[in-house]
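# Observations on chain architecture
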Amino acid sequence: MLTPLSWIKEFVDIPASITAQEISDALIRVGFEVEEIIEQGADLTGPLVFAKVLSIEEITEFKKPIRYVGIDCGEGTTRYVICGATNFVVGDMVVAALPGAVLPGDFTITARETYGKTSNGMICSVRELGIGDDHAGIMVLHGGEVEIGANAIEGLQINDVIFDVSINPDRGYALSIRGMAREVAGSLGLTFRDPVEALRNLEFTETGKGVSAKIADPSTASVFYLRTLTNFDPKATTPLWMRRRIEKMGMRSISLVVDVTNYVMLELGQPLHAFDASKIKGGLIVKRAGSAQAFTTLDGQVRQLDTDDLMVCDDEKPLALAGTMGGAFSEISEATTEIALEAVRFDPTLIAKNSRRHKISSEASRRFERSVDPSLAEFATARCVQLLSAHSSATHVATVVAGEPRYAPVVTIDPAKISAILGIEIPPKKIAEVLRVIGCDVDEKEFAVDPPSWRFDLVTVSDFAEEVARMIGYDSIPSILPPRPFHATLTNNQKRRRAIASMLASRGLAEVQTFPFTNQATIDSMGFIGERAATYRIANPMSEEFPLMRVHLVPGLIEVAQRNINRGAKNFAIFEMGSIFRSSKKLPTAISPELSVRPEQKLIEEIFASVPPQGYHVAGVLVGKIENENWQGKARDYNWSDAIAFAEDILDLCNLKWTVARSDFAPWHPGRCAELIIDGKAVAHAGELHPRILEAYGLPARSVAFAVGLSVLPHSQLVRPTQVGTMPAALQDVALIVDSTVSAQSVEAALREGAGALLESITCFDRYDKIGEGKVSLAFTLTFRAPDRTLTGDEVSAMREAATAVATAKCGAVVRTA
């Protein structure tokens, strides 16, 4: 909010020794953010005077309109200037910069020859003076409000300091000069003069019957003040001082009535609305729209009302979108003589809904949705009547009140609790003093605190502790580290997922993200059947082509691979992590709870029960070559062992133990698919994709894929500690002949079982399948190590023989001798 220092000084006596920077620091100290200090007029020097237009000569021989204007600057002679603006006539008052003046942008005014004439000065626009953005024409003033030849810098109050202050959502009271002045006074320890005090005894004579006021639903608004005025002269103009204050705060002057309502809103913080009373049928009532209908707002936009919109209506139709924007039908016009001034303390939530629903963020809605002082409706309307009566012929008819203000409750607090929250000892007397500065009434005996009417947010001891902290200064609270750190961290599942994604990326796989949607044709083409083909249909799909939730990650990765191959890619590896959806149970109907209150626990449980079960998987597709041919060797394509290795690496990263078994699992090639089993449950599959699928999607032959169900993996330690042996290791190689149907993993398990506790590791380093007769040779390296001594040759040989004996017994293995 733009805040002029000159207006703040009306309510706070600020010594001349206090600089603008010190005032800014004071606001920052109590929790506000000063985005900019604008020194208006700092780059403007005179002579700058008010002048009257005496004559206008139109110069027509140029493409654009040019005027040779005679002006009276109070010098006794006529001064002539060239001007390109056409928004003024003879007799108007304007602002003239005389030779020697310097305008913003270091623009020096001199007498000069132009368009065949001598221009002895310049008539200025608002933007040229640096006091606004309007450059549609020169600045025209109303006759009689300024004197010819008077200093325009003083008359326009140009020299001022304006603070651009960011107001937090919980500081709605500060969206006014009254609120900002109170904060400046409190922070600097100065005396604050509340402008409301001068309005408390203001009374107006009742001269007739005014427009009636009513609140249909007390939950929508607490108090409604409606003051009716008559005999208003629509030709009355806004005084210059009021226009300038409004302009300094970023608003534009429109008409006297509108300017007065805006001025009072900026001064006190209560938004008001003025209706043309002659257009009101019956009385005004605050109520919901009730039915969908078209409504034209002041900006000329036709808006479709929602049945829940809060409106201000007469007996026949809606007249204003409550707290947000007025309607075009009842706006103040050039023919208005009767005025109905409305001020209501609306429910903040309802105004916020009005604003969001219609995408209107007005000066009024920004204040209402942050909560407005409920006592201000009375004083703000009184201030409006006072100003309109003083600057026009308007007279008061009647004041009607509906409802009554509702205030925050009195709160009893323990001052010791405030000290405990802040971590610094603060005497109760000091706490009471600080709370009184912000407007509270404090009974120090029981420490009962009555919050001020503008602070609805002060309801708990923590709220009061925050106020004490900001008023004594956060810099006065010592910085002490807590006894132990408390901070947010990732869950074990999140850490596991990140570790897996980092590992796959470091191994050269590119992560992709696909939409979790599919269709029945894709499910059927992949060969999914039974539970693996059952999914959920989307009620409002993004595309009718993909109306179902996906049941597996691999189909989406295959489609990504297809697109990349079509674009010229040949050798690549991709992976994705995400949820899959399988219809394992019938879901209840989706629930849309009331959002204004927290749902009951039973309803929350029903909402979660209506969400489809979602398994979390990681899957990858490997296409083309893993190594290109070079001087070191021939090229090598990805094969089934690479896919299985990736799946095993993921499980190994999770510090899990697994077994491998053959599988016939779509969409993999039957007999060339392996499933990884943990605790008797298949948790991963890997191998070659089915040739039929490869052909359908145009993928290279023998492309491979893997998929791991992360959500079904058992919990495990994130870090697996290893022991570094200090004694030398003993290595033994053994080659065993087994049936080709016997897996290498089962042989390894048998060797591990027989080798004993001193076996450190076992690695299969060779597989020879050309022996014939359905036999294969598997070669393993067994590493033995004792923690406390060097193993002897006899000990190592004995352990080797024990290992092969168990392999022979369980797997039918025969030690290969040649």
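Anything mentioned here points back to the structure above.
Everything in this summary refers to the structure shown in the same document. Just so you know, these numbers come straight off a predicted model, no measurement behind them. (Residues numbered from 1 in each chain as written. Predicted model: local features only at pLDDT ≥ 70, side-chain atom pairs only at ≥ 80, totals over all residues. Heavy atoms only, no water.)

### Structural notes on the overall build of the chain
Looking only at helices and strands, one finds 21 helices and 42 strands in the chain. For the chain, whose C-alpha radius of gyration is 41 Å, the value lies well above the compact-globule estimate of 28 Å for 818 residues. The C-alpha extent of the chain, read off along each of the three principal axes, is 125 × 85 × 60 Å. Going through the 818 residues of the chain one by one, you find that 46% of them count as buried. Pairs at least 24 apart in sequence give 71% of the contacts found in the chain among residues at least 6 apart. When the accessible surface of the chain is summed, it comes to about 40600 Å², and 51% of that surface belongs to carbon and sulfur atoms. (Helix = DSSP H or I, 4+ residues; strand = E, 2+ residues; numbered from the N terminus. Rg over C-alpha atoms; globule rule 2.2 N^0.38 Å. Buried < 20%, exposed > 50% of the residue type's maximum accessible area, 1.4 Å probe, protein only. Contact = heavy atoms within 4.5 Å. Areas by Shrake-Rupley, 256 points an atom, 1.4 Å probe, with all protein chains shown as cover.)

### A closer look at the sheet that holds strand β42 (residues 814-815)
If you trace the four strands from one edge of the open sheet to the other, you get β40-β41-β39-β42, paired in antiparallel fashion. Only two strands of the sheet have a single partner each, and these edge strands are β40 (759-772) and β42. Alignment of strand β39 (residues 730-739) against β42, held across two bridges, turns out to be antiparallel. Across the sheet, L736 pairs through a bridge with V815, a residue of β42. Along the sheet face, helix α21 (residues 793-811) touches β39, β41 (775-784) and β42 and points at about 20 degrees away from the line of β39. (Pairing = 2+ DSSP bridges. Axes fitted to C-alpha atoms, helices over the stretch in contact; angles between N-to-C directions.)

### Quick word on helix α6 (residues 240-248)
With seven of nine residues buried, α6 is to be regarded as a mostly interior element. For α6, every residue scored as buried is listed here: L240, M242, R243, R244, R245, I246 and K248.

### Focus on the environment of V312
Following the sequence through the fold, V312 ends up in strand β20 (residues 310-313). Overall, V312 belongs to the buried group, its relative accessible area being 1%. Between the alpha carbons of V312 and G327 there is a distance of 9.5 Å; along the sequence they are 15 residues apart.

### Here's the deal with the packing of aromatic side chains
Throughout the structure, instances matching the rule amount to eight aromatic pairs. On the numbers, 5.2 Å between centres and 15 degrees between planes, the contact of Y68 with Y80 is stacked. Of this pair, Y68 sits in strand β4 (residues 66-72) while Y80 sits in strand β5 (residues 78-83), placing them 12 residues apart in sequence. With centroids separated by 6.1 Å and ring planes inclined at 10 degrees, the aromatic side chains of F515 and F517 adopt a geometry described as stacked. Three or more aromatic residues link up through ring pairs in this structure, and these residues are W7, W241 and Y263. (Phe/Tyr/Trp six-rings, centres within 6.5 Å; stacked < 30°, edge-to-face > 60°.)

### Remarks on empty space enclosed by the protein
Applying the stated criterion to the full structure yields one cavity of 30 Å³ or more. In this structure, the largest cavity spans a volume of roughly 90 Å³. Lining the largest cavity are 13 residues, with Y173, S176, L268, L376 and W454 sitting closest to its centre. The leading source of residues in the lining of the largest cavity is helix α5 (residues 177-188), at three residues. Split into classes, the residues belonging to the lining of the largest cavity amount to five nonpolar, five polar and three charged. (1 Å grid on protein atoms, 1.4 Å probe; cavity = no way out; pocket = protein on both sides within 12 Å on 5 of 7 lines; lining within 4 Å. Points joined across faces, edges and corners; volume = space filled by probe spheres on them. Nonpolar A, V, L, I, M, F, W, Y, C, P; charged D, E, K, R; others polar.)

### Description of the sheet that holds strand β21 (residues 318-321)
Within a beta sheet, neighbouring strands are joined by backbone hydrogen bonds and run either parallel or antiparallel to one another. Pairing is mixed in the open sheet, where five strands are placed in the order β14-β17-β20-β21-β22. Each edge of the open sheet carries a strand with a single partner, namely β14 (213-215) and β22 (325-326). The pairing of strand β17 (residues 284-288) with β20 spans four bridges and is antiparallel. Counted as the bridge partner of V286 is V312 from β20.

### Considerations on the environment of F780
Assignment of secondary structure puts F780 in strand β41. On a C-alpha basis, the gap between F780 and V747 in space is 9.6 Å, while along the polypeptide they are 33 residues apart. Setting aside chain neighbours within four positions, we find F780 in contact with Q732, D733, V734, A744, V747, E748, L751, I762, T763, C764 and F765.

### Notes on the layout of surface pockets
Where empty space is left can be seen by rolling a probe of water-molecule size over the atoms. By volume, the largest pocket amounts to about 1900 Å³. Taken together, the elements giving at least two residues each to the lining of the largest pocket come down to α18 (640-653), β35 (659-663), β36 (668-678), α20 (744-755), β40 and β41. Considering every element that reaches the lining of the largest pocket, the biggest residue donor is α18, with seven residues. In terms of residue class, the lining of the largest pocket is built from 24 nonpolar, 13 polar and 12 charged.

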